[in-house]
Amino acid sequence: METKFATEKWTDVIKPQRGWFDWRFRELLRARDLIMLFVWRDFVSVYKQTILGPLWYLIQPLLTTLTFTVIFGRIAALPTDALPDFLFYLSGSVVWSYFAECLNKTSSTFISNSNLFGKVYFPRLAVPVSILISNLIAFAIQFALFLAFAVYYWVVGSEVAPNWSVLLLPFYVLVMAGLGLGFGIIVSALTTRYRDLQFLVRFGVQLAMYATPVIYPLSSIPEKYQLLIIANPMTSIVEGFRYSFLGAGSINPWHLLYSFVFMLISLAIGIMLFNRIETTFMDTV
Amino acid sequence: MTISISVENLSKQYRLGVIGNRTLYEDLNRWWARVRGLPDPLAKIGEVDHGNRADGLLWALRDVSFQLEQGEVLGVIGRNGAGKSTLLKILSKVTAPTTGQIKMRGRIASLLEVGTGFHPELTGRENVYLNGAILGMSREEIASKFDEIIAFSEVEKFVDTPVKRYSSGMYVRLAFAVAAHLDPEIMVVDEVLAVGDAAFQRKCLGKLSENAGEGRTVLFVSHNMAAINRLCSRAILLDRGTMIADGPAAEITAKYLSGAAEEDGARNWNENEAPGTEEVRLMAISLYSSDEISKSVFDVNDEIFIRLTYRVGVPNTSFRCALIFNTQGVIAFASVEPSEMARSEAGLYYSILKVPAHLLSESEYSLNVSVFASAGAKKHYVNLRNVINFQIYDSMTKPSARGDYTQNLLGIVRPMLNWDISTTRIEP
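Per chain, residue numbering runs from 1 following the sequence as it is written. To read the labels, note that chains go from A and ligands from 1, taken in the order they are written. Since the coordinates come from a predicted model, pLDDT governs what is reported: local features require at least 70, and pairs of side-chain atoms require 80 or more to be given and counted, while whole-chain, interface and lining totals use all residues.

Novice: Could you give me a rundown of the overall build of chain B, with the residues and numbers involved?
Specialist: Secondary structure elements are defined from DSSP: runs of H or I of at least 4 residues count as helices, runs of E of at least 2 residues count as strands, and each element is numbered from the N terminus. Per the secondary structure count, chain B includes eight helices and 20 strands. Buried, partly exposed and exposed are defined by the number of other C-beta atoms within 10 Å of a residue's own C-beta, namely 20 or more, between the two limits, and 12 or fewer respectively, with C-beta atoms placed from the backbone. Split into buried and exposed, the 428 residues of chain B put 40% on the buried side.

Here is the structure:
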C-alpha cells in the first residue's frame, strides 16, 4: 500500500526486457565523461606500452600505401585516374582504415569487455562510441599525413585539384563512423552467441576492401559491373573523398544519399540488436 | 519512511547445458566448439545441483519479493547457489530478470567487485578517474573527492605510479576507496570486504556503517555472519532461489547457521560442471571418520578426514590445496599442503587432510577449498567458499576437553590441553 502513493516517483525500474525502440540516448549522453575517459585510456595505454608511441599511426598507413604502390601500381599497373600512384593509394587506405578499424574494434565489444560488463552497469554503447572517437584521433593524424603528401604533389606539379566539395569531409567521416558502428555492433551482438563470427569479420573486412574502390578507381570497372560496386555503401565515400581532395574520380549526390540512408538503417538495426543482447548477454557468454 | 527499493515477484531462469536445444544454429555452434576442444559455449553456471533445476532449466531466483525503506541496511544470506549473486546482478543491471521487476528510487551503485576496469598501465590517479566514471561519477564529482579518496586509500606516495607496480593490498585499497566515495542513494555490496588486511577491513566496515547512518540504503551480501550482524538491521535468507526468511539480522543469521548442516558430507561434480580450470578441477570433496562412510556430523572424539579428489588436466602443473575452516562467522583456521607439487601425468588424484579429534569445537563448520600456486606463477585454480558444511557434537560418552563440565564450552576450537594443577598448596 505504501508503494501506491509513490509509484510515480520511481527513478528506475528494472524489467525483464526492454522495448525494441527504447534506445536510451539520454543515458548515453550522460555517460560522455566515461566515453572520453575510455578514449583517453585507449590512447594512453597504447602509447605507454610502445616505444614509438603515436608514430605507429603514421607508420601503418605509410607501409600499407607503399605496399599497394609497389604491388598494384608498379607490378599490376592498375589505373589510378591519372593521379600519382602513391597519393591515390594513400587516400584510399586512410579512408578505408578508419572504417575498417571502427568495424573490427566495435565488433568485439561484448567479448572483450565481458569481465567489465559482468560486474558493473553503464550504458554499454559507451564502449563502441568511444572506439569511434579514439579511431578518429588516428584518422586525424593519418589525414594530416595525407594532406601533407597532397600538398607536396601539388607543389611538384602533379594534377591534384581539390575543390569546394572538401567541405563534405565531416559528412564522409560521419557516414564511415556510422557504418563502422552499425555493422560493428550488429556483429558484436551476434558474436555473444556465435563466437566464430568474430574471425569471419576480420577476414570479411579485408575482402570487402577489394569490393571498394581503394586500390582501383571506380572508372576502371566495366559499366555492367559498376552497379555492383556502387551497392557497397563505402564506394561513394572513398570515391567522393578522392574527388574532393584530389579532383579525380567521381562524386554523385544520389550515391552519397544512398550511403547515408544505408548507414542510418544499419545503425538502427545495430542499436536494436545491441540493446536486446545487452540485458541478457551475461547469461550466454 | 519512503521505500527506496521494491523487488516484485522477481524470477530469473537460466537455461542449462545439453538438454533443450532450440535452434540448429546452436547445435552447430556446440559442434564447432567440440571440434575445437572448447567447453560447451552455451552451458551456464558451473555449479552443483542445488535441487532447483528441472528440464535443463535453473531457477536461480523464484518469486522473490521484498521492500527496503530508505536508510535500511539489508543483509542477504544463503548458501552458494541460493541466488544471492543473481539478485545482486539483477539489481546492478548486469543481467535482466526473467519475470518480475525492481523499482528503485535514487542512484544505485554496486560493488560486485572492487577495481572493475582498472587498467594496469595507468597510474593510480588516472585509474581513480576511470574507475569512478565506470561506477557512474562525473569528472567534476571525482575531482572534488579526489583528495579524500587518496587519503582513504593510504597510497598518497604512489598516486602517479602505474597500478601494475602496486602491491595487491594497495590495489584493493585504492579500488575500494573509489567505490566508497560514490555517494549513491542505494549501495549494493558483495563481499568486497573479504579483501585487504584486517585494519583496512575495519575501516571499510566503518565507512559502510557511516553510509548507512547518512540515510543510505545498503544491500550487503556476505558469508560473514559477524559482519552481517554488526552492519545490518534486517536480513533475508535465500535458499535455492526462493526467499525463506525475512526478519531481524540476528534472528536470520542464527536460522541460517542452524540449517547449514543438513548436507550429507560429500559433494561430487560431473566433468562438465567441476569447478576449476583446464589445469586442475575439483571433482569431489568428502568428509568421513575412521569408518570411511561419508557424513556431515562428527563426534568431538572422531578424527575427521577430508578428502579432495581432483583432476589434473595439464601435467606438470604445480599447485597445492588449502582448506579454510569457517565457524560462527569467522575463520577458525586454515590448513595448506606443506609444499606445491606437480604431477607428471594427467588424471585423478586425491589429497586427504586428517583433522585430529578434540580440535574442533561443538559448532557448525563450513569449508572453503582453494587449489592454487603461489611459488612460481601465481594462480588460483579453484577457489570456492562454503563448499560443504559439517557439524561437531559432543556425545559425552568418552573423555574430552570438557572433562566432566557439562555446560556450554565457548570457542571456535576446542583442543585437549593439559592442566597442571597443584593439589598441595604452594603458599598458605
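Novice: Which residues make up the overall build of chain A, and what values go with them?
Specialist: Counting secondary structure elements, chain A contains 13 helices and one strand. Starting at the N terminus, the α and β elements of chain A follow one another as β-α-α-α-α-α-α-α-α-α-α-α-α-α. Across its three principal axes, chain A shows a C-alpha extent of roughly 80 × 45 × 35 Å. Looking at the 285 residues of chain A, the share that counts as buried comes to 41%. Restricting to contacts in chain A with at least 6 residues of sequence separation, those with at least 24 account for 79%. Once C-beta atoms have been placed from the backbone, residue pairs whose C-beta atoms lie within 7 Å are recorded as contacts.

Novice: Talk me through the sheet that holds strand β7 (residues 186–190) of chain B; I want residue IDs and the actual numbers.
Specialist: Residue and element names in this part refer to chain B. Strands were regarded as paired on the criterion that DSSP finds at least two bridges between them. Spatial ordering of the open sheet is given by β6-β7-β8-β4-β9-β10, a layout of six strands whose pairing is mixed. Looking at which strands have only one partner, the edges of the open sheet turn out to be β6 (108–111) and β10 (242–248). Averaged over neighbouring strand pairs, the angle between their axes works out to 15° when direction is ignored. Axis definition: a line fit to C-alpha positions, over the contact stretch in the case of helices; interaxial angles, taken between N-to-C directions, run 0 to 180 degrees.

Novice: For the interface of chain A and chain B, give the residues involved together with the corresponding values.
Specialist: The interface is formed by 35 residues belonging to chain A together with 42 residues belonging to chain B. Elements represented by at least two residues in the side of chain A that touches chain B include exactly β1 (12–14), α2 (32–49), α6 (114–117) and α13 (281–284) of chain A. Looking at which element gives the most residues to the side of chain A that touches chain B, the answer is α2 of chain A, with eight residues. Note that β1 of chain A and strand β5 (residues 99–104) of chain B share three bridges and pair antiparallel.

Novice: Got a sec to walk through the sheet that holds strand β18 (residues 347–355) of chain B? Specific residues and values, please.
Specialist: Residue and element names in this part refer to chain B. Across the sheet, four strands lie side by side as β11-β12-β14-β18; this open sheet has antiparallel pairing. Both outer strands of the open sheet, β11 (266–268) and β18, are each paired with one neighbouring strand and no more. Neighbour-to-neighbour, the strand axes of the sheet open up by a mean angle of 20°, direction not taken into account. Bridge analysis of β11 against strand β12 (residues 280–288) gives three bridges, and the strand direction is antiparallel. Its bridge partner being in β12, Arg267 is matched across the sheet by Ile285.

Novice: Describe the environment of Leu135 of chain B, and please don't skip the residues or the numbers.
Specialist: With respect to the helices and strands, the residue Leu135 of chain B is situated in the loop between α3 (124–134) and α4 (139–153). Residues Leu135 of chain B and Leu111 of chain B, 24 residues apart in the sequence, show an inter-C-alpha distance of 8.7 Å. Not counting the four nearest positions on each side in its chain, Leu135 of chain B is found in contact with Val120 of chain A together with Ala109, Val178, Ala179 and Leu182 of chain B.

Novice: Report on the confidence of the model for chain B, specifying residues and quantitative values.
Specialist: Residues and elements named next belong to chain B. The quantity known as pLDDT measures the predictor's confidence residue by residue, on a range of 0 to 100. Summary statistics for chain B give a mean pLDDT of 82 and a share of 84% for residues scoring 70 or more. Considering only residues more than four positions removed or in separate chains, one finds that residues 17–22, a stretch of pLDDT under 50, has 11 contacts. Predicted confidence is poor over residues 44–54, with pLDDT under 50, and the contacts of this stretch with residues over four places away or in other chains come to 21 contacts. With a pTM of 0.70, the predicted complex shows an ipTM of 0.82.

Novice: Could you give me a rundown of the environment of Ser110 of chain B, with the residues and numbers involved?
Specialist: Examined against the element boundaries, Ser110 of chain B turns out to sit in strand β6. Separated by 271 residues in sequence, Ser110 of chain B and Tyr381 of chain B have C-alpha atoms that sit 27 Å apart.

Novice: Now, about unusual backbone geometry: what can you tell me, with residues and values included?
Specialist: Residues and elements named next belong to chain B. Phi is positive for Asn9, close to 45°, though the residue is something other than glycine. Even without a glycine there, the phi angle at Glu154 is positive, about 60°. Tracing the chain through its elements places Glu154 in the loop between α4 and α5 (168–180).

Novice: Describe the pairing of strand β15 (residues 318–327) of chain B, with residues and values.
Specialist: Residue and element names in this part refer to chain B. Extensive coverage of β15 is indicated by the burial of seven of its 10 residues. Note that β15 and strand β19 (residues 364–373) share eight bridges and pair antiparallel. Within β19, the residue paired with Arg320 across the bridge is Phe372. Note: β15 against strand β16 (residues 330–336), six bridges, orientation antiparallel. Its bridge partner lying in β16, Phe325 is registered against Phe333. Where β15 folds back onto β16 in an antiparallel hairpin, the turn is made up of two residues, including Gln328, whose phi is positive at roughly 50°.

Novice: Lay out the confidence of the model for chain A with the relevant residues and their values.
Specialist: Taken as a whole, chain A shows an average pLDDT of 87; of its residues, 96% reach a score of 70 or greater. Below pLDDT 50 for its whole length, residues 1–7 of chain A participates in five contacts with residues either more than four positions away or in separate chains.

Novice: Summarise helix α11 (residues 235–246) of chain A; cite the residues concerned and give the values.
Specialist: Residue and element names in this part refer to chain A. A helix's residues, less one, multiplied by 1.5 Å, set its expected span. For α11, built from 12 residues, the straight-helix expectation of 16 Å at 1.5 Å per residue is met to within 8% by its first-to-last C-alpha distance of 16 Å. With 12 of 12 residues buried, α11 lies mostly within the body of the structure. Residues Thr235, Ser236, Ile237, Val238, Glu239, Gly240, Phe241, Arg242, Tyr243, Ser244, Phe245 and Leu246 constitute the buried set of α11. On the buried face of α11, the contacting elements are α4 (85–106), α7 (126–155), α8 (169–191), α10 (223–230) and α12 (253–278). Of the residues trailing α11, Gly247 is marked for its positive phi of about 80°.

Novice: Which residues make up the packing of α3 of chain B against α4 of chain B, and what are the values?
Specialist: All names here are of chain B. Put simply, α3 and α4 touch, their axes get as near as 10 Å, and they point 130° apart. In terms of orientation, α3 and α4 fall into the oblique class. For the element pair α3 and α4, the recorded crossing hand is right-handed. Touching Val128, Tyr129 and Gly132 of α3 are Arg139, Ile142, Phe146 and Ile149, all from α4. Polar here means any residue other than Ala, Val, Leu, Ile, Met, Phe, Trp, Tyr, Cys and Pro, which are nonpolar, and Asp, Glu, Lys and Arg, which are charged; Gly is therefore polar. Grouping the constituent residues of the contact of α3 with α4 by class yields five nonpolar, one polar and one charged. Relative orientations are named as follows: roughly parallel for angles under 35 degrees, roughly antiparallel for angles over 145 degrees, roughly perpendicular for angles from 65 to 115 degrees, and oblique for any other angle. With the far helix as reference, a near helix turned anticlockwise by less than a right angle produces a left-handed crossing, and one turned clockwise produces a right-handed crossing.

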